[in-house]
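Listed here are the chains, written in short residue letters.
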Amino acid sequence: MNIFDYMQKYDYEQLVFCQDANSGLKAIICIHDTTLGPALGGTRMWPYKTEEEAIIDVLRLGRGMTYKNAAAGLNIGGGKAVIIGDPRKHKTEELFRAFGRYIQGLNGRYITAEDVGTTVADMDMIHLETDYVTGVSPAFGSSGNPSPVTAYGVYRGMKAAAKIAYGSDDLSGRVVAVQGVGNVAYNLCRHLHEEGAHLIVTDINEENVNRAVNDFGAKAVGVNEIFGVECDIFSPCALGAIINDDTIPLLKAKVIAGAANNQLKEDRHGDQIHSMGIVYAPDYVINAGGVINVADELQGYNRERALKKVETVYDNILRVFEIAERDGMASYQAADRMAEERIASVAKSRNTFLQNGKTVYHR
């Protein structure tokens, strides 16, 4: 790929390559957009087969965080980092401390957090070299396990989607089919059960299924059965690309609202479910509770304040559908437009200040 052509096409600001011979560190930091503030996004550790694969992934993920953070109403930009390596074999204190020094060298333009392949313990080691890291141990002022907060945001977003589809956000008596019952989805099921919803669940891990059945009276079905069950709401909380040519014809739900990332296999699938009248809550809007929560650490974490902000996922989902109706488009497109309009508005405001000769933070 021609990196500069790709960066220019999607208006990336910076791509930083980091290596440390002593620790074996090979990492890439992507800063996509800092119009709204410093870029915040997690560090993924993965055994990429090629350097190009790692570059493509960090570019894709970094741009995605710009949209997610903007749509969530946060005053932060988007970025991401990847470390090339097997998280089961290659983690060392030396590696993460070396990586932390590179983050420190960016002087606050990029703030990292956990992601696939990294943990709180890893963030603690990065924190030895820089303060530009979130998701560290609670002893350092962290918010702790993000799963319950992410789940609460999904729950709030699901209620908003139900209001669009059914005219009421009351979920009591609604049948919700939950695909995947990991940490986030288990907490989501707890909220739904407490409101009186009926749960149908599946997971490749039988222990997860049994826990939901025992704790919430959920009905268990096979992993391939979940798509076709009679339900009001289908909640993907496991794999990405789960809304596709094979699953769409099976769906009986009027609402799709879940915690999984990248739920649409292709954009055309978003258009397809839109034409079918299915209310789809765009994934990066509804599952933003986690990033909202860790972003609060930047002010000195206050859980009550963070949860209050997470509640706005409800309003953000409603806003997506206002834009979709206004502009005659599918909800996944409206989510992008909502993020882009906010970024453009702030950029315009900043440019006005600059033209008036005032000094402000600017990318």
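Given the structure is predicted, the values throughout are model-derived calculations rather than measurements. (Residues numbered from 1 in each chain as written. Predicted model: local features only at pLDDT ≥ 70, side-chain atom pairs only at ≥ 80, totals over all residues. Heavy atoms only, no water.)

Once that is clear, we can look at the side chain of Thr-43. Here Thr-43 shows up in strand 4 (residues 43-46). On the accessibility criterion, Thr-43 (0% relative accessible area) is buried. Among the polar contacts listed, one links the side chain of Thr-43 to the side chain of Thr-112, at a separation of 2.5 Å. Setting aside chain neighbours within four positions, we find Thr-43 in contact with Ala-81, Ile-83, Phe-99, Tyr-110, Thr-112, Ala-113, Glu-114, Asp-115, Val-116 and Thr-118. (Helix = DSSP H or I, 4+ residues; strand = E, 2+ residues; numbered from the N terminus. Buried < 20%, exposed > 50% of the residue type's maximum accessible area, 1.4 Å probe, protein only. Polar contact = N/O pair within 3.5 Å; in protein donor to acceptor, adjacent residues only side chain to side chain. Contact = heavy atoms within 4.5 Å.)

What follows concerns the environment of Gly-270. In this structure, Gly-270 sits in helix 8 (residues 267-275). What Gly-270 contacts, discounting residues up to four positions off in sequence, is Leu-264, Ala-330 and Tyr-332.

It is worth spelling out the side chain of Asp-203 at this point. Tracing the chain through its elements places Asp-203 in the loop between strand 8 (198-202) and helix 7 (206-216). Although buried, Asp-203 forms no salt bridge, and the nearest oppositely charged side chain, Arg-211, lies 8.0 Å from it. Side-chain polar atoms of Asp-203 contact the backbone nitrogen of Val-181, separated by 2.6 Å. Of note is the side chain of Asp-203, whose polar atom sits 3.5 Å from the side chain of Asn-208. Sequence-distant contacts of Asp-203, that is, excluding residues within four places in its chain, are made with Gly-180, Val-181, Gly-182, Asn-208, Val-209 and Val-223. (Lys, Arg positive; Asp, Glu negative; His and termini not counted. Salt bridge = Lys/Arg side-chain N within 4 Å of Asp/Glu carboxyl O.)

The next point concerns the packing of aromatic side chains. Taken as a whole and assessed by the stated rule, the structure comprises 6 aromatic pairs. Ring geometry for Tyr-67 against Tyr-284: centres 6.5 Å apart, planes inclined by 75 degrees, an arrangement best described as edge-to-face. Of this pair, Tyr-67 sits in helix 2 (residues 51-71) while Tyr-284 sits in helix 9 (residues 283-286); the two residues are 217 residues apart in sequence, bridging distant segments of the chain. The pair formed by Tyr-67 and Tyr-284 is uniform in burial state, with each residue classed as buried. Ring pairing ties together the aromatic residues Tyr-6, Tyr-10 and Tyr-12, which thus form one cluster. The ring of Tyr-166 carries the charged tip of Arg-174 above its face, separated from the ring centre by 3.8 Å. Positioned above the aromatic ring of Tyr-186, the side-chain terminus of Arg-211 is 3.8 Å from the ring centre. (Phe/Tyr/Trp six-rings, centres within 6.5 Å; stacked < 30°, edge-to-face > 60°. Lys NZ or Arg CZ within 6 Å of the ring centre and 35° of its normal.)

Within helix 7, the full set of buried residues consists of Asn-208, Val-209, Ala-212 and Phe-216. Seen along its axis, helix 7 keeps its buried residues to an arc of 100 degrees; they face one direction. Summarising the geometry of helix 7, the exposed residues directed more than 90 degrees from the buried face are Glu-206, Glu-207 and Asn-214. Lining the buried residues of helix 7 we find helix 6 (183-195), strand 8 and strand 9 (219-220). Among the residues of helix 7, the N-terminal cap falls to Asn-205, whose side-chain oxygen and the backbone nitrogen of Glu-207 are separated by 2.8 Å. Looking one or two places after helix 7, you find Gly-217, whose phi comes out positive at around 65 degrees. (Arc of directions from axis to C-beta.)

This next bit is on the packing of helix 5 (residues 147-166) against helix 12 (residues 313-327). Contact geometry of helix 5 with helix 12 gives a least axis separation of 7 Å together with a crossing angle of 35 degrees. Between helix 5 and helix 12 the crossing geometry is right-handed. Contacts between helix 5 and helix 12 involve Gly-153, Arg-156, Gly-157, Lys-159, Ala-160, Ala-161, Lys-163 and Ile-164 from the first element and Val-313, Tyr-314, Ile-317, Leu-318 and Phe-321 from the second. Taken together, the residues of the contact of helix 5 with helix 12 break down into 8 nonpolar, 2 polar and 3 charged. (Axes fitted to C-alpha atoms, helices over the stretch in contact; angles between N-to-C directions. Left-handed = near helix turned anticlockwise from the far one by under 90°. Nonpolar A, V, L, I, M, F, W, Y, C, P; charged D, E, K, R; others polar.)

For soluble globular proteins, the rule of thumb is that nonpolar side chains tend to be buried together. Formed by 66 residues in total, the largest nonpolar core has its most connected members in Leu-192, Leu-199 and Val-201. With 10 residues, the single largest contributor to this core is helix 5. In this view, Leu-192 contacts Tyr-155, Met-158, Leu-171, Val-176, Ala-197 and Leu-199; residues no more than four positions away in its chain are not counted. Listed in part, the 22 residues of the second largest apolar core include Ile-29, Ala-98, Leu-106 and Ile-126. (Core = buried A, V, L, I, M, F, W, Y, C linked by side-chain atoms within 4.5 Å.)

Right, let's talk about the confidence of the model for the chain for a bit. In the predicted model, the chain carries a mean pLDDT of 94, and 96% of its residues have values of at least 70. Here residues 359-363 is modelled with pLDDT under 50, and outside its nearest four sequence neighbours on either side it reaches 16 contacts, counting other chains as well. (pLDDT = per-residue confidence, 0-100.)

The subject of this paragraph is the pairing of strand 8. Taken across its 5 residues, strand 8 has 4 buried, putting it largely inside the fold. Summarising the sheet, strand 7 (residues 175-179) and strand 8 pair through 5 bridges and their orientation is parallel. Paired with Gln-179 across the bridge in strand 8 is Thr-202. Regarding the hand of the β-α-β motif, the stretch spanning strand 7, helix 6 and strand 8 is right-handed. Here strand 8 runs beside strand 9; their pairing, made up of 2 bridges, is parallel. Bridge pairing in strand 9 links Val-201 to Ala-220. With respect to chirality, the unit in which strand 8 leads through helix 7 into the neighbouring parallel strand 9 is right-handed. (Pairing = 2+ DSSP bridges. Right-handed = clockwise from strand over helix to strand, strands pointing away.)

Glancing now at the sheet that holds strand 8. Within the open sheet, the 6 strands sit side by side as 9-8-7-10-11-12. Their pairing is parallel. Two strands bound the open sheet, and with one partner strand each, they are strand 9 and strand 12 (279-280). Here strand 7 pairs with strand 10 (residues 233-236) via 4 bridges, running parallel. If you follow Gln-179 over to strand 10, its bridge partner there is Pro-236.

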